[in-house]
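One-letter residues, chain by chain:
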Amino acid sequence: MTRTCCGNSAYVCLRFDGRTFDSHCALKLANELETPLDEKGESRMDHQGGLRIQHYESPNYDERPAGTVVDTVVIHATVLNTIREVIEHFSSPQTKVSSHYTIDRDGSVISHVSEYKRAWHAGLSKMEDGRTNVNDFSIGVELVNRNDGSDPYPEHQIQAMRHLVKAIIVRHPIRYIVPHYACAEPPGRKSDPIGFDDSWVRDLVPPH
Ligand SMILES: [Zn+2]
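Residue indices follow the written sequence of each chain, beginning from 1 at its first position. Per-residue local features are limited, in this predicted model, to residues with pLDDT of at least 70; the limit for side-chain atom pairs, both in listing and counting, is 80 or more; totals at the level of whole chains, interfaces and linings are taken over all residues.

For the rest of this paragraph, the subject is the overall build of the protein chain. When helices and strands are counted, the protein chain shows 4 helices and 11 strands. The contact rule is simple: place each C-beta atom from the backbone, and if two of them lie within 7 Å, those residues are in contact. Long-range pairs, those at least 24 residues apart, make up 64% of the contacts in the protein chain between residues at least 6 apart in sequence. The secondary structure listing takes helices from DSSP runs of H or I that are at least 4 residues long and strands from runs of E that are at least 2 residues long, numbered from the N terminus.

So, in structure tokens, the structure goes:
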């Protein structure tokens, strides 16, 4: 089964589901498929906007409410110190938690849940505009960081976060990028990501 690539030579060709696309087409394909990136028990690589993304599926997700427009990205810190611990935590059905993505300190990206499903990352939550159940309409992005106030966010990690958010914005009309502590309910319930600097992502969404 082959599909026609859009043929824009500005994009790097890659293999995606056994077929060759350029990266722009791969993004379009990901938009078209219901569960484009995850297959249970399988880890594989793909490329989005220059990012290398590895997939370790989490069972901890369900359906978004019908008709939901995903317009928010929630940024977290893992508290867990290593990407391996995070993968194990999110891959266990007992933990009942997940996120769509985790970004390691070196900028490598792990996908756990399809963006088209509801991952379980924000918990009790409320936006400034009053909307609750932020998991319904958001994509969760975890940064590997101990969240102790002294563990730094390396530049590679910040740049990968920016690349990932830009790729997400291709697929969803993102208007808000919020740290978890800003939407957790009740206020003060969550402190992550301690040290998050809004200037890292402020230019990626319209001002409000
Ligand atoms: Zn969090």
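Here we come to the environment of Ile83. Relative to the helices and strands, Ile83 resides in helix H2 (residues 83-91). Neighbour density around each residue's C-beta defines its exposure: 20 or more other C-beta atoms within 10 Å make it buried, 12 or fewer make it exposed, and counts between make it partly exposed, where C-beta atoms are placed from the backbone. The class for Ile83 is buried, based on 21 C-beta atoms found within 10 Å. In contact with Ile83, not counting residues within four places along its chain, are Thr102, Asp104, Ile110 and Val144.

All right, on to the environment of Ser111 then. The residue Ser111 is located in strand E8 (residues 109-111) in this model. Residues Ser111 and Gln54 lie 57 residues apart in sequence; the distance between their C-alpha atoms is 6.1 Å.

The next thing to look at is the environment of Ala167. Looking at the secondary structure, you find Ala167 in helix H3 (residues 155-171). With 20 C-beta atoms packed within 10 Å, Ala167 lands in the buried category. Considered as a pair, Ala167 and Leu51 are 116 residues apart in the sequence and their alpha carbons are 9.1 Å apart.

Quick look at H3 now. Residue count minus one, scaled by 1.5 Å, sets the expected span of a helix. Between its first and last C-alpha, H3 extends 25 Å over 17 residues, near the 24 Å set by a 1.5 Å rise per residue. Among the residues making up H3, those that are buried are Gln157, Ala160, Met161, Leu164, Val165, Ala167 and Ile168. Projection of H3 onto a plane perpendicular to its axis shows the buried side chains occupying an angular sector of 160 degrees, all on one side. Arc definition: it is the arc formed by the directions from the helix axis to the C-beta atoms.

Under the definition applied here, buried Ala, Val, Leu, Ile, Met, Phe, Trp, Tyr and Cys residues are grouped into a nonpolar core through C-beta atoms within 7 Å. Counting 33 residues, the largest nonpolar core has Val73, Ile103, Val141, Leu164 and Ile177 as its most contacted members. Secondary structure elements with two or more residues in this core: strand E6 (72-77), H2, strand E7 (101-103), E8, strand E10 (138-143), H3 and strand E11 (176-179). At 6 residues, the largest contribution of residues to this core is made by H3. Residues contacting Ile103, with those up to four places away along its chain left out, are Val109, Val141, Glu142, Leu143, Val144, Gln157, Ala160, Met161 and Leu164.

No statement about biological role is implied by the geometric values presented.
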